[in-house]
Structures are given as C-alpha cells and as structure tokens.
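Letter by letter, the chains look like this.
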Amino acid sequence: MDKMTVETTFFRNKPVHFQKEVTANPFFRSISVQLNDGIGIFPLHIRSFHASIDSDGKVVFRTIPVHFYVFFSYLCTGKSVNTSTDMAGTVKEMSLIKQVLQLKQLGESNRGIARRLPINKETVNGYMNTIDANGWDIGELLKIDDPELERMFHAGSPAYTDARMKEFLRLLPYFREQLTNRKLHVTRQLLWEEYRHTHPDGYGKSQFYDHLKQNLVAQKDITTVLAQTYKPGEKLMIDFAGDKLSYIDTETGEIMKVEVFVACMPYSDYIYVICVPSQRTEDFLFALRMCLEHLGGVPPIVVPDNLKAAVITPDRHEPELNTALRDMGNHYHFTVLPCDPASPTQKALVEDAVRIAYNRIAAKLRGREFHSLLELNAGVEEQNILLNQTRMQKRPYTREERFHAMEKPLLQPLPEEVFEMRYYADLKVGSNNFVELRHDKVTHFYSAPYIYIGRMARVIFTRSWVKIYVDNQLVATHTRKHDYGHTYEPEHMASNSRAIMERSAAYYVSWAGKKSEECKAYISEIFNPQRTNKPEEVYYRLCGAILSSYKKYESSLVDLTCRQCLDNRVFTYKKFEAILKHNYITQSDDEPCLFAPVPTNHANMRGSDYFK
C-alpha cells in the first residue's frame, strides 16, 4: 500500500484535501502525528478531516477550538470531561427547584446555578424554557406550595420507568466484579463496548458511565486547597460547638447541658451565639431563625455542617437535605449549600468562630451560675455583643462596624410571617370524610370534601394551620387545633350528613315557618325553654317526624293537627300521629271538623241533681 493510500485510509476513506498552514490560535498549537504502518497514535474520533503535510512528511492536523482546561484534561487523561451529576430520567424535588428559582431571581445564570446546586445545566435550561413557554412569573412560583408546583412542572408520572434499567441492574454485579478486580485491567470503555455489542439498544456511553458512577464506589480524587475569598453579605456559616454550656434546674437541682449554636458572616467575621436544648431539627431551626432576626436580614446562601438536623444523607456531589431546612430556605429565600463530608475547611471561619466562642464567651461565664436557659442566653448575648464590639487584631475596625457598613445593607429583608416548621403525613380520608391527624400525643380530625372518601391525602401542617392535598391539589385548609375533637367545613359534608350536622332549634323553627304559621307556632312551643328544661336534641326527631307529615297528608290537615296539639298541650309524636289519623278519617270534604261538636239537647243528661 503506497503513502497516498495509507493517508486515505487514515482519514475515514475520504480523500485528503491539502491546504495551506492555518494561523494557530495563540492558546493552542498544531499537533503533529506520526503514522506507523497506517495507524495513527491519536484516537479516531478526534482526527480532523482537513490536514496538511509538513516538510518532514508528518500530517499536521487543524487546531481544535476548545476550552483549554477541557482540551488539556482530554490530552492528559484520555477521558472526556463531564461535570454533570444528574441521572437521565431523574425528577428533582420541588424544594430543589425552588432553590433554582431563587438563584435565578437573584440574577444567577443557568450555568452558575448548575455549579452551585446538584443539578445539570440542561435541566436548569429545561425549567427556564418551561417557565418562558407558560409565561410564569418566578416570584409567583415561589409562593406556590410544593405539591401544586410539582403538578405544574411534571404533569405526568415522574417515575423513572426506562426498561433498560432492569437489564443494567441485572448486569451490575458483573460490572462491579470486573472493575474492582485490578488484575483484570478492565476499563469502563471496554465494559461499555461489550455491553453495546450484546445490547444494541442499550444505554449510550455517557448514560452507561453515569449509572456506573452512581452504583459503584468511586476513588477519591486528590485536590489542592483553594484559598477562600468571600463576598459581603453572601454567606452565613453555621455550626454547633463541641463543648456544651449548662444551667441549674431550680426545681430538681439537676445540671442541664445545652448545645451551643454558632453562626458567622465570613466577610466581616461577625459572630452570633445562642444556646438551645438539643440538636434536634426543631431546636436547630429555632436557633437559625433567631440568628436571622438578630442579623436583621437574610443572606442568599447558608452553609451548614452535615449534622442530621440539616443534612439527611451527606454526599460530596448531591447531599440529601432535611426537608424542614429546605422549607425554611424557601420561606426566607436562601439556598442551603452544605460543606463536603469530613471537610470543615469549607467553613473554616465558623470553625474559628467556635474557638473564639470558647475563649471569649464560655471562658468568661465559667464562674457564674444560671438557673434557666433564658438566663444563660442573656449572659451569652452580653458577652457576644462585647466580642463583636471589640476591635480586631491587625484591623482598624470591629466586627460589628464591618458588618453594618458592608454586609447588612446587602441582606434580603426578612419575610413578614415568622417561619413555622412543616410536618408531613400521608393519611386516608375516612368514610366520615375526616382525616385522623396524630401529633404530639394529641389526635384531632380534619374534614376533606366527601368526594375524596377512601383516597390517600398528603397532609402538610404546622403549629398554626393544616392543609390537605389529594393528587397534588389543595382540597382543604384548617386552623390547627391542639386538643381532641373534630374540625370541619359544612361544604365538605354530603347533603344527608350536612342536614344532621346543621340541626338545631332555630333550624327546625325556620323549616316549620316555610310550611305554615300553625306549624311554626307548634314547633316553637316544643323548644320553648319555659315549657321544658330538656336539651334541644331530645326533640329533633319529634320535629323531623312532624315536618315529614306534610309529605303524607294534606297541608291543611297537618296544620289543623298542629293547632289542636298546641291547644291541648300535646308534645309527643304518638299522640300527634293519633290525632292526625283521626282527623283524616272523620274529616268530610265539605265541612272539615275543626272543633269537637257541642250538643244542643241535654235531655239525655241526668245532671248533678240526679245524684243527690
């Protein structure tokens, strides 16, 4: 095979078009590749279609205009650069989408959002395209509850139902065995080629790699330490101190240990400290709320440690946040960016603030006794103020001066409503169209529309309100009750249940007034408190039976019976019914018998004289 043939084979069986040497990009240089027996040392997929021959007989490829760090990484490692951590078909939680919307509202680009949050740039682009296509306003979207927002963004089922995943999971043990056995020297590329050979319709290379990455343990990369540079008002770093403070319980004399919450604005090094009973989610969110109120504003980013109250599952790339903390972030409009697991260097300033809290606050309080958590926090606040007002070493200002001058004007305003922790429960709507909510050892029932009887409902509640969702639609809202009982809306009841629930003396009197004045007078006398001291409920059935008589008899006949019973003080249904039937039998069509007949001839009467 001659030289020309070799060159033609090298360039995908296409003729080589020789051209003059192109001026090189100042950041790149032309690459010479030596042909060895017709086979180039560069992979086929990066070869250029246009080349030229230099004076030494080497093929010079055209410069590829790519970013330097991508090009350099590719040449050095032979691997393509992929910064995405998203799995194909994965549906993000609505709380994470709200984080995306908040950053977008702050003017962040789609690429910048993808760098800050565990989400792919293309996914962010898709959300933005959906918002533009529907003409939605980001500010209005942030006010919508998570279930309704999920229905807007994912109208269909969000389940990941790709049939290829089942086959991939079946082969996963084999892939793990091949990759973890170093003696085999198997690469992901080789496994993918074998996989595609046996499964032509299987995953592409990028998806195959992503699934392997999520299902296999990756090696830890070696990185350098990056010096932190902070922007004013951008971040709030928070953490709990290791050592605890204490106070004496006046009732038992017991020493009560409490947790020390420390927060720091890294730009000004402004420190806030407060003591709470524990590191539970409720106490953690309370401490964070008090910190934001102390600052008088909200920074756009909050950086917590990987404590359970903030992060459920720590992960370097995609940590799973506590739902309550995400809800708080959505309420105050801040984004939560936890530091890497076992890597406190990302919040070095708050680690230093913890040390300062020990030396400048806890040490000064060691000789004092406190008899309540309120007294302890008063002493901590006193020393905290002195700390922030003390001039810093090597700086001509105090922490407080720096914070008020540079950071506080840049903070977002606090919302009008105070944040309340949200709780979630999946409950079934009972046959009485109530859901049974149990929390804090108290059971209370809340109504939902009767058309949802037997359906599963998502109940979201705080200490102030309860919201019931069915199929991600809000169907009921109630004020939270903290005792046993039933809370309902009349329109939630079916017609027969509503009639029973709405029964009262006024209800039956009003109903009787629609029939006749005689019936109204008789029903009013039945409930007259001067006539009886029994509860109203005793006479509900009597009144219902009297009013139902209008369906069986003529109205005039029932009115006559009501008047007779009222005159003769009859207030039982058996006597009422007997009189009504008697009137029905004896009444003539021409002369209705309104009163008992009065005799005119008394000859048949013996009189009182007869017995003398």
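Before reading further, recall that the structure is shown in the block above.
As a starting point, this report considers the structure included with it. (Residues numbered from 1 in each chain as written. Predicted model: local features only at pLDDT ≥ 70, side-chain atom pairs only at ≥ 80, totals over all residues. Heavy atoms only, no water.)

## Looking at the overall build of the chain
Looking only at helices and strands, one finds 21 helices and 18 strands in the chain. Put simply, the chain has 612 residues, and 39% of those count as buried. Counting every atom, the chain has about 37100 Å² of accessible surface; 52% of that belongs to carbon and sulfur. (Helix = DSSP H or I, 4+ residues; strand = E, 2+ residues; numbered from the N terminus. Buried < 20%, exposed > 50% of the residue type's maximum accessible area, 1.4 Å probe, protein only. Areas by Shrake-Rupley, 256 points an atom, 1.4 Å probe, with all protein chains shown as cover.)

## A word on the nonpolar core
Residues Leu236, Phe261, Phe284, Phe334 and Ile468 are the most contacted members of the largest nonpolar core, which totals 51 residues. Per-element tally for this core: the top contributor is helix H11 (residues 281-295), with seven residues. Those residues in contact with phenylalanine 284 that sit more than four places away from it in its chain are Ile238, Phe240, Phe261, Gln279, Leu307, Ala309, Ala310 and Leu325. Formed by 43 residues, the second largest nonpolar core is a distinct cluster that contains Leu149, Val303, Ala357 and Ile361. (Core = buried A, V, L, I, M, F, W, Y, C linked by side-chain atoms within 4.5 Å. Contact = heavy atoms within 4.5 Å.)

## Some points on the pairing of strand E17 (residues 473-479)
With six bridges connecting them, strand E16 (residues 465-470) and E17 associate as antiparallel partners. Its bridge partner lying in E17, valine 466 is registered against histidine 478. Count of turn residues in the E16/E17 antiparallel hairpin: two residues, of which aspartate 471 carries a positive phi of about 55°. (Pairing = 2+ DSSP bridges.)

## Quick look at the sheet that holds E16
Read across the open sheet, the four strands follow the order E12-E15-E16-E17; overall the sheet is antiparallel. For this open sheet the edge positions go to strand E12 (423-428) and E17, each flanked by a neighbour on one side alone. Between one strand axis and the next, the sheet turns by 25° as a mean value, whatever way the strands run. Looking at chain direction, strand E15 (residues 456-461) and E16 are connected through four bridges and run antiparallel. (Axes fitted to C-alpha atoms, helices over the stretch in contact; angles between N-to-C directions.)

## Examining the pattern of salt bridges
One pass over the full model with this rule turns up 19 salt bridges. With a closest N to O distance of 3.2 Å, arginine 116 and glutamate 108 form a salt bridge. In this structure, aspartate 269 engages arginine 399 in a salt bridge whose closest nitrogen and oxygen atoms are separated by 3.3 Å. You can see aspartate 269 sitting in the loop between strand E6 (255-265) and strand E7 (270-276) and its partner arginine 399 sitting in helix H15 (residues 399-407), a full 130 residues away along the chain. Exposure class is identical for aspartate 269 and arginine 399. Each is buried. A single salt-bridge network, built from bridges that share partners, covers Glu108, Arg116 and Glu234. (Salt bridge = Lys/Arg side-chain N within 4 Å of Asp/Glu carboxyl O.)

## Some thoughts on the packing of aromatic side chains
Remark: the centre distance and the inter-plane angle together describe each pair of aromatic rings, the angle taken between the planes. With the rule as written, the count across this model stands at 26 aromatic pairs. Aromatic pair phenylalanine 168 and tyrosine 203: ring centres 6.0 Å apart, planes at 80°, arrangement edge-to-face. Taken together, the residues span a long stretch of sequence, with phenylalanine 168 in helix H8 (residues 164-180) and tyrosine 203 in the loop between helix H9 (188-198) and helix H10 (205-215) at a distance of 35 residues. Classification of phenylalanine 168 as buried rests on a relative accessible area of 0%. For the ring pair tyrosine 332 and phenylalanine 419, a centre distance of 6.3 Å and an interplane angle of 55° mean the geometry is tilted. Of this pair, tyrosine 332 sits in helix H12 (residues 323-332) while phenylalanine 419 sits in the loop between H15 and E12; the two residues are 87 residues apart in sequence, bridging distant segments of the chain. Note on accessibility: tyrosine 332 and phenylalanine 419 belong to one class, buried. Of the aromatic side chains, those joined through ring pairs into one cluster are Phe168, Tyr174, Phe175, Tyr195, Tyr203 and Phe208. In this structure, arginine 188 packs its charged tip against the face of tyrosine 209, placed 4.1 Å from the ring centre. Here the basic side chain of lysine 467 rests over the ring of tryptophan 465, its NZ or CZ set 4.8 Å away from the ring centre. (Phe/Tyr/Trp six-rings, centres within 6.5 Å; stacked < 30°, edge-to-face > 60°. Lys NZ or Arg CZ within 6 Å of the ring centre and 35° of its normal.)

## Considerations on the environment of valine 350
Mapped onto the secondary structure, valine 350 falls in helix H13 (residues 348-362). Once the C-alpha coordinates of valine 350 and leucine 236 are considered, the two residues, 114 residues apart in sequence, prove to be 9.0 Å apart. Here valine 350 is in contact with Met237, Ile238, Asp239, Val262, Ala263 and Cys264, once residues within four sequence places are set aside.

## Topic: a nonpolar patch on the surface
Where nonpolar side chains cluster on the molecular surface, the patch consists of Tyr450, Ile451 and Ile453 and spans about 290 Å² of accessible area. In this fold, isoleucine 453 is placed in the loop between strand E14 (442-447) and E15. (Patch = residues over 30% accessible without salt bridge, like charges linked within 9 Å, V, L, I, M, F, W, Y side chains within 5 Å.)

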